[in-house]
Every structure is written in C-alpha cells, then in structure tokens.
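Notes for the structure review
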Amino acid sequence: MLLTTVLLALSGLAPADTVHPKRLALIPVPLVYYTPETRLAYGAAATATVHFRRDDNFAAARPSQLTLALAYTQNRQLLLYLPFQIFYDHNRYYAYGEVGYYRYNYYFYGVGQQEVPRELYGVNFPRVRVNVFRRIGAGLGAGKLYAGLRYQYEDYRVSSVAVGGLLASGTVPGGLGSRLTGGGLGLFYDSRDNVFFPKKGVVADFSAFLRNRAVGTGLTSETTRFDRYAADVSEYHALGQHTILAVNYFGSFTVGTAPFNALSLLGGSRRLRGYYEGRYRDQNVALVQTELRFDVYKRLGAVAFGGVGTLGDEQTLLRLREPKGAYGGGLRFTANRRDHLNVRLDYGLGQQSSGFYLTVGEAF
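Before going into details, it helps to say that this report is about the structure given with it. What you are looking at is a predicted structure, and each value in this text was computed from that prediction instead of being measured.

What follows is about the layout of surface pockets. There is about 250 Å³ of room inside the second largest pocket. Lining the second largest pocket are 15 residues, with V111, P173, A258, L263 and Q283 sitting closest to its centre.

Shown next, in the form of structure tokens:
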C-alpha cells in the first residue's frame, strides 16, 4: 500500500550515525502526500531504527525499522498504521509487514466485465500482514534469495453503500463486508544496488496464498475459499551516467471465490498511474510497465512512464484483446542524497481517466 512506501522511505531520512553506535534511535517525521483516492493526506509518524547486538561486528547488516503513523485525509479517511521491516542475524532472517486500522471510503466500479457507474462506499477495517523469510542458497545469488511464510487477516466492515447500487444488492461476494484469513508461501530475491533508487539489479517477490477463507458479514454469512498466486518483478538498467530504464512485471491469479476487495486490481500510485485504485478488478491481472528516469540538474530529475495491463476470469485467463493502457510523466527531487530518496510528483493518463500523485519513493 502507498502509505507503507511513504513511511519506510521517510525513515531513510535519518542520518547514518543514528544506527551506530546506538542500537535504537527514534525519529519523528511529518507525513504529507496526495493521491486521487485520498486527496491531500497529512499526519505524523515516529520511526524506530534498530540494530541488534548480534550484528554489531557485521558491517553489511541492514538496520531494522518500525514506524507508527497517524494520518487524516481530505476525504475524511483515518489511518492508524504500523509498517515494519526487520533484519536479524547477519541478514539471515528478514520479516516485513503491517498492522493497521483504517476508516476509509472508496469508489466501486464493478467487477470484471460488469462495470457500473461509480458507487461510493464506506469501510472500517483492521488489517494484519506478516511475511517471515530465511535466506537460502549457497550458489548463484547466495545471500540474495529468501524463502518463507506469509499470513494475512482483514476484517472488512462495510459501513455504507450507495442506495440501489450493485454492492447494496448483495450479489457481489463480500459486498456487504467480509472477514478474511489466510496464509501461504513466498520467495523473495533482491540484487538491487540501492533500495530507494536502483541503477542495476533485480527484485522479485513471489507468493502463493493457499486456501484463504472469507466469511461474509452484514446480510450474508456465506463462507468462500480461494487461492492466489502472484509475482512482482522489477529490473533496472543504467543506459548511461544519467539515465535509467526500470521495468516492472506483475501478475496476480485467483482460483476460487474471493471477496471483491481481495480480487486482483489495476490502478493507483504503483500500477497503471492514471487510473483510480481498483478502477479495474477481476480474478486475474497481468501488467507490464516501464519508466525512463534521467537527471536534469543537481537534485532535480524527471521521468516518463507507460504501461499496459489486462484482466481475466475463470472463463478467460486473460482478455488480451481488452488491454488497459496508461502513460505520463513526472518530476523527482532528491530529498536525501545518501540513499537517493526522492520526492515523487507524477501525472498519469489512462482511458478517459487521469491522476495526480505527490509522495515519496519510486512507484517500483
């Protein structure tokens, strides 16, 4: 989610000497961003940077970070959020995830090929996502490949729906609320030279959530089960001293009956900028997007981006003849030179759609 990127990125604004010699440093940071889903959001956060005693003599040990944040938006949305990433025992163990509570409102545009005029609905939900990995491999890529377990919990309490809308009809799985639990397996590979602004390398995240369980709430208590298989891969190539080509491949495939809020989707600040997050959602999604990043002057940079995605369901794995395209451009300002952490200003255009984004960190 966007806020995870913002908070973990902002935590990199701490000076390098807050990790050593101190094992614990607490860093307050302001929180401001803008997306079509929230409009202007503002709040405050506190980041704890931790370095474990076991890693004192290991120069390559990455610091662990936990951030507690509170944000409020122009759309009267409230977010209380704790993202974390933990490295332990010479980077042998890696855990990341989030614990949060959200009072939110979204627009719903239908599922799959059943598109409807947008419906505004409200939702309150606690969410827990935990991923725990251990480094594996002794050959090619040793020290960069992790395998582990994933867990998710979300109690999606729909508080309001549009009168006479599709969600109000009760025909959409989870449309009146659902409680989701599930776990699975994961692989994670990372050979990037820089976490915030890579110039070379690959990062790949593969997941298989098996036998997720969703219990309907509201007027229905139907229980459904589904599996999801997903891959998120990005590669980076330096085309010269001042130009980088970044390419992202994403796929998400669902087997079974998932509540609408757990379906694969397109749109938002990371996947097909220019579309509202969830403007398109279905059982399956495949996407490729590219971004050309280049320096302009000192801390100022610029990007041009474009992408195309497609959706599918049980009958048609992917509807390749119905692509969804988007493109746009943006500016970058390097707020932290040490880690090349950028403030991102983007404008994206889709099919009869557009979006403006102001946040921290790259889209991929």
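Read on, since the account is not over.
Further remarks concern unusual backbone geometry. Notably, R39 is not glycine yet its phi reads approximately 60 degrees, a positive angle. Despite not being glycine, R211 has its phi angle at roughly 55 degrees, a positive value. By secondary structure assignment, the location of R211 is in strand β9 (residues 201–216). For R211, a relative accessible area of 53% corresponds to the exposed category.

Moving on to the environment of Q77. Within the secondary structure, Q77 is located in the loop between β3 (64–73) and β4 (78–88). Once the C-alpha coordinates of Q77 and N105 are considered, the two residues, 28 residues apart in sequence, prove to be 6.8 Å apart. For Q77, the side chain forms a polar contact with the main-chain oxygen of N105, separated by 3.0 Å.

With that out of the way, let us pick up empty space enclosed by the protein. Empty space among the atoms becomes apparent when a probe as large as a water molecule is rolled across them. Tallied over the entire structure, the rule returns one cavity of 30 Å³ or more. Surrounding the largest cavity, L272, R273, Q289, T290, F305, G306, G307, A326 and Y327 form its lining. Among the elements of the structure, β14 (284–297), β15 (300–312) and β16 (324–336) are those that each provide at least two residues to the lining of the largest cavity. Sorting elements by how many residues they give to the lining of the largest cavity places β15 first, with three residues. Per-class residue counts for the lining of the largest cavity are four nonpolar, four polar and one charged.

Cut-offs applied
- Residues numbered from 1 in each chain as written.
- Predicted model: local features only at pLDDT ≥ 70, side-chain atom pairs only at ≥ 80, totals over all residues.
- Heavy atoms only, no water.
- 1 Å grid on protein atoms, 1.4 Å probe; cavity = no way out; pocket = protein on both sides within 12 Å on 5 of 7 lines; lining within 4 Å.
- Points joined across faces, edges and corners; volume = space filled by probe spheres on them.
- Helix = DSSP H or I, 4+ residues; strand = E, 2+ residues; numbered from the N terminus.
- Buried < 20%, exposed > 50% of the residue type's maximum accessible area, 1.4 Å probe, protein only.
- Polar contact = N/O pair within 3.5 Å; in protein donor to acceptor, adjacent residues only side chain to side chain.
- Nonpolar A, V, L, I, M, F, W, Y, C, P; charged D, E, K, R; others polar.

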